[in-house]
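# Report on the structure
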Amino acid sequence: MVVLAGPVASGKSTWAAEQFPPDAVVSSDRLRALVGAGEDDIAASADALALLDEIVARRAARRLTTVVDTTGLDAGKRATWLRLAREHGMACVAVAFDTPAGVCRARNRARQRPVPAAVLTAQLKAWPAVRDALAGEGFDEVLAPEPVRVVPQTFLESDAAAHRQQDDPVGLRFALHIGEFRGGASGMRHRLREIAGAAEAAGFDAIYVMDHFRQIPQLGRAWEDFPESFTTLAWLAACTERVRLGTLVTAVTHRNVGHLAKIVATLDVLSGGRAVCGIGLGWFETEHKAYGFGFPPLAERYALLEDALAALPVLWGPGGKPFRGRVLDLPDTSGYPRPLQEHVPIVLGGGGERRTLPLAARYADVANVLGDLPSVARKAAVLREHCARTGRAVELSHLTTALVGWDSAEVAALVEAHRPRAVDPGRYAQQVHAGTVADQVGRFRELAEIGVAEVAVRLPDLRDPAPVARMGEVIAAFKV
């Protein structure tokens, strides 16, 4: 919520039009034209302001970015808009237009139908008290009418963090997470080859795919094209030379554990020692039922997961000694060819602090978690506590989304191009972490500072190599 405050002709509408899309600006002048004979129809002011209040309330209820373009001189009205923002969890800022009285009068005289001089004089007389009161009314910020950018909450501290990265760079690994395969089956192999080549050129350290058999509801519809994960990784192995390859993550319920070990070992051999084994509990019950997979209760899945974590290194190791766990019984663990890597990295997906992270501390090489910065920071601390007890070092990985533009204008255009039809641009920008290259550098620096060693990034506009190249500019900042 952006509340503009200032006398008539102080520049509020001009500034709002330059800084925000038209649909975000709720203007008393425009509404006066709708309910009266025109923007200058003073007699229609009461109806226009009543309509403005109704529109602002309805937009706030939907948490839509809203610029209240009226004089903002009424303290009661300002308090109402601030209360609405607070009720709906929105930031609320005031923009104070402290324009010299002479400028306001000159602009007003130049209008085709100026506001009566007595009205403007009254507003100018009231303005100093309003200006001085704004700072104590509870707004998150009181701003001057300078150029502004509306950014997702994620990027509030990113500018300072980006400067820290420039002045004192730290390293961070990046993986491209591919979760959508739009564009038709006939050209899929060619698109994947182009994207994989672009990912290596951009400096990505790994490429991960989701281990599902149909698209998940968070990203699309069940009937969209969605290739099998390890077959896809085999194709990516043939298209690349350097990046690591793996699933983020395989459900332990999707494959017999011995078969999974065989698949990963084969991928490692054919990729020249670049396989990563991602594994987790599994969660998509509808998918399991559709394909006839068993979906045991949570406790049983945890028991199988722990056995799999213990058994996989045995299955990749020499000899054929038996493995007997809580629920997994393997009389012969021999499997050849063995992986080329002496140790295939295991990434455990899931951030459960009481069960999953303790398993990561005991068995995994990397723990992959979701969440915002405070949540990831908390999980990093919990993981460190569990590792202190086990005496093992386990890296932290974070799966996130990034919509990257070269500048603010491109970010806005990308948001508009890719947001679902009924989703507010601001809300979509928050969901996909839409920001400039500099914004993203700052965000990832903050993640590195709390202990994240690798970021797996899903690019929601990944239809061709162009988004990969933009992300490459972010990655370059962390190649130290």
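Structure: see above.
These remarks concern the structure in this document.

Rules behind the numbers
- Sequence order as written defines the numbering, with residues in each chain counted from 1.
- At least 70 in pLDDT is required for a residue's local features to be given in this predicted model, at least 80 for side-chain atom pairs to be given and counted, and no such filter applies to totals for whole chains, interfaces and linings, which use all residues.
- The basis for every side-chain value is the complete set of heavy atoms in the structure, and neither hydrogens nor water enter the calculation.
- Strands were regarded as paired on the criterion that DSSP finds at least two bridges between them.
- Secondary structure elements are taken from DSSP: a helix is a run of H or I of four residues or more, a strand is a run of E of two residues or more, and numbering for both begins at the N terminus.
- All axes are obtained by fitting lines to C-alpha atoms, using only the stretch in contact for helices, and the reported angles, taken between N-to-C directions, cover 0 to 180 degrees.
- We call two residues in contact whenever any of their non-hydrogen atoms come within 4.5 Å of each other.
- The cut-offs for exposure are 20% and 50% of the maximum accessible area for each residue type, with area from a 1.4 Å probe on protein chains only; residues under the lower value are buried, those over the upper are exposed, and the others partly exposed.
- A pair of aromatic rings is counted whenever rings of Phe, Tyr or Trp (Trp by its six-membered ring) have centres within 6.5 Å, and the orientation is called stacked for planes under 30 degrees apart, edge-to-face for over 60 and tilted otherwise.
- Clockwise travel from the first strand over the helix to the second, with the strands pointing away from the viewer, marks a crossover as right-handed.
- Here a helix's expected span is defined as the number of its residues, less one, multiplied by 1.5 Å.
- By definition, a residue's bend is the angle between the axes fitted to the seven residues ending there and the seven starting there.
- Definition used in this section: a nonpolar core is a set of buried Ala, Val, Leu, Ile, Met, Phe, Trp, Tyr and Cys residues joined via side-chain atoms within 4.5 Å.
- Charge convention: Lys and Arg are scored as positive, Asp and Glu as negative, and His as well as the terminal groups of each chain are ignored.
- Every case where a carboxyl oxygen of Asp or Glu lies within 4 Å of a side-chain nitrogen of Lys or Arg is listed as a salt bridge.
- Pairing of N or O atoms within 3.5 Å defines a polar contact, subject to two protein rules: one partner must be a possible hydrogen donor and the other a possible acceptor, and residues neighboring in sequence count only if both atoms are side-chain atoms.
- In this scheme, roughly parallel covers angles under 35 degrees and roughly antiparallel covers those over 145, while 65 to 115 is roughly perpendicular and the rest are oblique.
- What makes a crossing left-handed is the near helix being turned counterclockwise from the far one by less than a right angle; a clockwise turn instead makes it right-handed.
- Amino acids are sorted into nonpolar (Ala, Val, Leu, Ile, Met, Phe, Trp, Tyr, Cys and Pro), charged (Asp, Glu, Lys and Arg) and polar (every other residue, Gly among them).

## Structural notes on the sheet that holds strand E3 (residues 67-69)
The strand order E2-E3-E1-E4-E5 describes an open sheet built from 5 strands, whose pairing is parallel. Of all strands in the sheet, those bounded by a partner on one side alone are strand E2 (25-27) and strand E5 (141-143). Along the sheet, successive strands turn relative to each other by an average axial angle of 20°, direction set aside. The strands touched by helix H2 (residues 28-35) within the sheet are E2 and E3, with E2 carrying the most contacts at an inclination of about 60°. Along the sheet face, helix H6 (residues 117-134) touches strand E1 (2-5), strand E4 (93-96) and E5 and points at about 145° away from the line of E4.

## Observations regarding the pairing of E4
Taking every second residue as pointing to the same face, both faces of E4 are buried, with Val 93 and Val 95 on one and Ala 94 and Ala 96 on the other. Two strands pair when backbone bridges link them, and E4 and E5 are joined in this way by 3 bridges, in the parallel orientation. Within E5, the residue paired with Ala 94 across the bridge is Val 142.

## Observations regarding the packing of aromatic side chains
One pass over the full model with this rule turns up 9 aromatic pairs. Measuring from centroid to centroid gives 5.9 Å for Trp 15 and Phe 20, while their planes differ by 65°, and the two rings are edge-to-face. In this structure Phe 20 comes out as buried when scored by relative accessible area, which is 8%. Look at Trp 283 and Phe 284: their rings are 4.9 Å apart centre to centre, the planes differ by 15°, and that puts the pair in the stacked class. For Trp 283, a relative accessible area of 44% corresponds to the partly exposed category.

## Focus on the pairing of strand E15 (residues 395-401)
Counting buried positions along E15 yields 6 of 7 residues, so the element is predominantly enclosed. In this sheet, E15 lies alongside strand E14 (residues 366-369) in parallel orientation, the contact comprising 4 bridges. From the neighbouring strand, Val 366 faces E15, where its bridge partner is Glu 395. Regarding the hand of the β-α-β motif, the stretch spanning E14, helix H14 (residues 373-390) and E15 is right-handed.

## Examining the environment of Ala 456
Along the chain, Ala 456 turns up in strand E18 (residues 452-458). Given a relative accessible area of 0%, Ala 456 falls into the buried group. A C-alpha to C-alpha distance of 18 Å links Ala 456 and Gln 430, two positions 26 residues apart in sequence. Not counting residues within four places of it along the chain, the set of residues in contact with Ala 456 comprises Ala 175, His 177, Tyr 208, Leu 248, His 398, Leu 399 and Thr 400.

## Describing helix H12 (residues 298-316)
Each turn of an α-helix holds 3.6 residues, which means side chains three or four residues apart point in the same direction. Its 19 residues place the ends of H12 27 Å apart at the C-alpha level, agreeing with the 27 Å of an ideal helix rising 1.5 Å per residue. Taking the largest bend as the criterion, H12 deviates by roughly 30°, centred on Ala 310, and proline Pro 313 comes between one and four positions later. With respect to burial, H12 is a largely interior element, 14 of its 19 residues being buried.

## A closer look at the nonpolar core
Considering soluble globular proteins, one finds that nonpolar side chains tend to be buried as a cluster. By size, the foremost hydrophobic cluster in this structure holds 87 residues, and its most contacted members are Phe 174, Leu 176, Ile 279, Phe 444, Val 468 and Met 471. With 10 residues, the top contributor of residues to this core is H12. In contact with Met 471, other than residues within four places in its own chain, are Phe 174, Phe 204, Val 404, Phe 444, Val 457 and Leu 459. Core analysis: the second largest hydrophobic core is formed by 23 residues, Val 68, Ala 85, Leu 134 and Phe 139 among them.

## Regarding the side chain of Asp 365
Locating Asp 365 in the fold gives a position in the loop between helix H13 (356-363) and E14. Here Asp 365 sits buried without a salt bridge, and the closest side chain of opposite charge, Arg 392, lies 4.3 Å off (N-O distance). Here Ile 346 takes part through its backbone nitrogen, which lies 2.8 Å from a polar atom of the side chain of Asp 365. Setting aside residues up to four positions removed in sequence, Asp 365 forms contacts with His 343, Val 344, Pro 345, Ile 346, Arg 392, Val 394 and Glu 395.

## Overview of the packing of helix H8 (residues 188-202) against helix H9 (residues 229-239)
Between H8 and H9, whose axes approach to 9 Å, the crossing angle comes to 55°. Between H8 and H9, the interaxial angle falls into the category oblique. Where H8 crosses over H9, the handedness of that crossing is right-handed. On the side of H8, the interface is formed by Arg 189, Leu 192, Arg 193 and Ala 196, while H9 contributes Thr 232, Trp 235, Leu 236 and Cys 239. Among the residues forming the contact of H8 with H9, the class breakdown is 5 nonpolar, 1 polar and 2 charged.

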